[in-house]
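Fold and geometry: a report
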Amino acid sequence: MEALDQRGRPLRDLRISVTDRCNLRCTYCMPREHFGSDHAFLPKEDILRFEHIADVVEACVDLGLQKIRITGGEPLLRRDLDVLVTMLRKVHPDADLALTTNGVILERHAERLLKAGLDRVTVSMDALSPSVYSAMGDVEHGPEATLFGIEKALKIGLGVKVNCVVRAGVNEGELLPLLQHFGPRNVPVRFIEFMDVGATNQWALDEVVTSKNVRRIIAEQLGEVTPLDPTAFGEVARRWQTPQGWEFGTIDSISVPFCGDCTRARLAADGSVHTCLFSNEGKPLMPLIKSGASKQELQHAVRSIWESRSDAYSEERSAQKERPSGKVEMSFIGG
Ligand code: SAM
Ligand code: SF4
Ligand code: SF4
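Below you will find a few notes about this structure.

This part covers the overall build of the protein chain. The helix and strand inventory of the protein chain stands at eleven helices and twelve strands. Against the compact-globule benchmark of 20 Å for 335 residues, the protein chain has a radius of gyration of 19 Å, which places it among compact chains. Counting only C-alpha atoms and orienting by the principal axes, one finds that the protein chain spans roughly 55 × 45 × 45 Å. In the protein chain, which comprises 335 residues, the share counted as buried stands at 57%. Summed over its atoms, the accessible surface of the protein chain is roughly 14,800 Å², and 50% of this surface lies on carbon and sulfur atoms. When the 41 positive and 47 negative side-chain charges of the protein chain are each reduced to one mean point, those points stand 2 Å apart.

Next up on the list: the pattern of salt bridges. Overall, the coordinates contain 19 salt bridges when judged by the stated rule. A salt bridge links Glu2 to Arg12; its shortest N-O distance comes to 3.1 Å. Here Arg12 lies in the segment before strand E1 (13-17) and Glu2 lies in the segment before E1, a separation of ten residues in the sequence. Overall, Glu2 belongs to the partly exposed group, its relative accessible area being 35%. Here Arg303 and Glu307 are joined by a salt bridge, their closest N and O atoms 3.1 Å apart.

Let us now look at the sheet that holds strand E8 (residues 238-241). Across the sheet, which stays open at both edges, the twelve strands sit in the order E7-E8-E9-E6-E5-E4-E3-E2-E1-E10-E11-E12 with mixed pairing between neighbours. The sheet is open, and its two edges are formed by strand E7 (226-228) and strand E12 (283-284), each paired on a single side. Bridge count for strand E11 (residues 272-274) against E12 is two bridges, and the pairing is antiparallel. From the neighbouring strand, Ser272 faces E12, where its bridge partner is Pro284.

The next point concerns the packing of helix H1 (residues 50-61) against helix H2 (residues 81-91). Two elements in contact, H1 and H2, have axes whose closest approach is 9 Å; the angle formed by their N-to-C orientations is 25 degrees. The orientation of H1 relative to H2 falls into the category roughly parallel. The way H1 lies across H2 gives a crossing that is right-handed. Residue-level inspection shows Phe50, Glu51, Ile53, Ala54, Val57, Glu58 and Val61 of H1 in contact with H2, the latter providing Leu81, Val83, Leu84, Met87, Leu88 and Val91.

Take the site of ligand 2 next. What surrounds ligand 2 is the set Cys22, Leu24, Cys26, Cys29, Met30, Gly73 and Asn102. Of the residues that constitute the shell around ligand 2, the class distribution is five nonpolar, two polar and no charged.

Within soluble globular proteins, side chains that are nonpolar generally end up buried alongside one another. If you look at the biggest cluster of nonpolar residues, it comprises 105 residues, and the most contacted ones within it are Ile16, Ile53, Leu81, Leu88, Val121, Phe191 and Leu285. Examining the composition of this core, we find that seven residues originate from one element, H1, more than from any other. For Val121, the contacting residues outside a window of four places in its chain are Leu99, Leu106, Ala153, Leu158, Gly159, Val160 and Lys161.

Between the first and last C-alpha of helix H5 (residues 144-156) there are 19 Å, a value that for 13 residues agrees with the 18 Å anticipated at 1.5 Å per step. For H5, the secondary structure elements touched by its buried residues are strand E4 (120-124), helix H4 (130-137), strand E5 (159-166) and helix H6 (175-182). Gly157 sits one or two residues past H5 and shows a positive phi near 100 degrees.

Once that is clear, we can look at the pairing of strand E9 (residues 247-251). Burial analysis of E9 places four of its five residues in the buried class, the great majority of the element. Where strand E6 (residues 189-193) meets E9, four bridges bridge the pair, whose relative direction is parallel. By the bridge assignment, Arg190 is partnered in E9 with Gly249. In this sheet, E9 lies alongside E8 in antiparallel orientation, the contact comprising four bridges. Bridging from a neighbouring strand, Arg239 pairs with Gly249 of E9. Counting the residues in the hairpin turn of E8 and E9 gives five residues, including Gly245, whose phi is positive at 90 degrees.

Basis of the calculations
Residues numbered from 1 in each chain as written. Chains lettered and ligands numbered in written order. Predicted model: local features only at pLDDT ≥ 70, side-chain atom pairs only at ≥ 80, totals over all residues. Heavy atoms only, no water. Helix = DSSP H or I, 4+ residues; strand = E, 2+ residues; numbered from the N terminus. Rg over C-alpha atoms; globule rule 2.2 N^0.38 Å. Buried < 20%, exposed > 50% of the residue type's maximum accessible area, 1.4 Å probe, protein only. Areas by Shrake-Rupley, 256 points an atom, 1.4 Å probe, with all protein chains shown as cover. Lys, Arg positive; Asp, Glu negative; His and termini not counted. Charge placed at Lys NZ, Arg CZ, Asp CG, Glu CD. Salt bridge = Lys/Arg side-chain N within 4 Å of Asp/Glu carboxyl O. Pairing = 2+ DSSP bridges. Axes fitted to C-alpha atoms, helices over the stretch in contact; angles between N-to-C directions. Parallel < 35°, antiparallel > 145°, perpendicular 65-115°, else oblique. Left-handed = near helix turned anticlockwise from the far one by under 90°. Contact = heavy atoms within 4.5 Å. Near = heavy atom within 4 Å. Nonpolar A, V, L, I, M, F, W, Y, C, P; charged D, E, K, R; others polar. Core = buried A, V, L, I, M, F, W, Y, C linked by side-chain atoms within 4.5 Å. Expected span 1.5 Å × (residues − 1).

Written out as structure tokens, the structure is:
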């Protein structure tokens, strides 16, 4: 029987963070001053093993789970990720199984992931220009490796979308180049409003480029954009089309909160379950897992976590005077 939370929202999606480590230091996610060489990442023994992740997913199938997204940190840093994909495909053959990655090392992994049963990749890429890319990711290199990764994924038949976080005064000039590059390749680019996730990214409202402004910038250059119908209930991105027939999306979590449709749970690499991107702490499953819990016991635990959920942070954000402290970082629960 499916699980419904306090607001009647079903549990449909599970985002699984397989590591809290990353090979980039995007300023909006893992600013180097907080995630430097002295940062305490999770020790190996505190990270969920693949078998445990598969057990949790199996427990969620009867609760109504339809979509699984593997994420991180950078999930491709986790060794033998295709083994996890194989396991997840086995416990949930019908799931929509996707991976979110910065794509830097995607080219060498894409084929094995596809063979293991992955359906799609969402590749995060905030700029085509090498200097803007390296400024957003706080790295020395440009987007070349990520572009190769995307081409490889397309070539072998993985579904591909691109995520771009837009930060005022930094990469607004990249919206059109990204659209002009990916539009003709039938790769939707989803422009994400810079969010106040975590406690380290120095978020400020005046750095948010609203989806309305994204559409205005695009329409000024390419002509009027038209809305497209959602493809599924609870879809995060609103879909749009340019007169050239290029699809793009906007993720308007700041300007148009979508908590009412939020069907997503997040399993962090340490085995904690978070029912909102903006949560302060998760509910730990690790003790139960380590005690050798049965599928029924795990299912019961996840059900009770979901059924007690009433989160709607984005809807309530504007009513709050101050940013709550101690919120969990995006790189920990995976976006
Ligand atoms: N490392 C992978 C990647 O970048 O795709 C997966 C994890 S990353 C945390 C998942 C997504 O969260 C990325 O698309 C990233 O752009 C987005 N993200 C991270 N911090 C964000 C923020 N402050 N506001 C909006 N999106 C953010
Ligand atoms: Fe790493 Fe992804 Fe965060 Fe960028 S957004 S720092 S690639 S986890
Ligand atoms: Fe879902 Fe929380 Fe985001 Fe609202 S703020 S859409 S409840 S993750």
